[in-house]
Amino acid sequence: MTDSGHSVPAADVLADVLAEVRERVDRREALGEAQVAVLEAAVNIVRAGQPGFEVMPVERSELVREALGAVRAATVATGVALTHTHRRAHALT
């Protein structure tokens, strides 16, 4: 909720979180890239699911397509992060 008592759309809240995460994480690290990609997907999915006429069908389709791409990127980045974590753990034992 804002100070005026109006609710803030979820996509706007997620976009703010995404902006903050982009500033704070190291995207050169796989886990950082995965965090950004997951949030990008969430923003697009929420925007695509907005009710009413706020999103045109063509725009909705593009948002869903972008969300899918972000989910794929998050999956790859998370897999890389997991592999690196396992290698470090085995190197320590």
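The paragraphs below set out a description of the structure included in this document. (Residues numbered from 1 in each chain as written. Predicted model: local features only at pLDDT ≥ 70, side-chain atom pairs only at ≥ 80, totals over all residues. Heavy atoms only, no water.)

### A look at helix 2 (residues 30-48)
Within an α-helix, residues lying three or four positions from one another point in the same direction, as the helix has 3.6 residues per turn. Taking 1.5 Å of rise per residue, the 19 residues of helix 2 would be expected to cover 27 Å, and the 27 Å separating its terminal C-alpha atoms lies within 8% of that figure. Here helix 2 has its buried residues at Ala30, Gly32, Ala34, Val36, Ala37, Leu39, Ala41, Val43, Asn44 and Ala48. On its buried side, helix 2 packs onto helix 1 (10-24) and helix 3 (57-92). (Helix = DSSP H or I, 4+ residues; strand = E, 2+ residues; numbered from the N terminus. Expected span 1.5 Å × (residues − 1). Buried < 20%, exposed > 50% of the residue type's maximum accessible area, 1.4 Å probe, protein only. Contact = heavy atoms within 4.5 Å.)

### Structural notes on the pattern of salt bridges
Oppositely charged side chains can pair when the atoms bearing their charge come close. Taken as a whole and assessed by the stated rule, the structure comprises five salt bridges. A salt bridge links Glu20 to Arg24; its shortest N-O distance comes to 3.2 Å. Placement of both Glu20 and Arg24 in helix 1 is noted, with a separation of four residues, approximately one turn of the helix. Accessibility expressed as a relative area gives 66% for Arg24, which makes it exposed. The partner of Arg28 in a salt bridge is Asp26, and the shortest N-O contact between them spans 3.0 Å. Judged by relative accessible area, which is 31%, Asp26 ranks as partly exposed. (Salt bridge = Lys/Arg side-chain N within 4 Å of Asp/Glu carboxyl O.)

### Points about a nonpolar patch on the surface
The grouping of Val8, Val13 and Val17 at the surface amounts to a nonpolar patch, some 190 Å² of accessible area in total. Following the sequence through the fold, Val8 ends up in the segment before helix 1. (Patch = residues over 30% accessible without salt bridge, like charges linked within 9 Å, V, L, I, M, F, W, Y side chains within 5 Å. Areas by Shrake-Rupley, 256 points an atom, 1.4 Å probe, with all protein chains shown as cover.)

Structural measurements only, silent on function.
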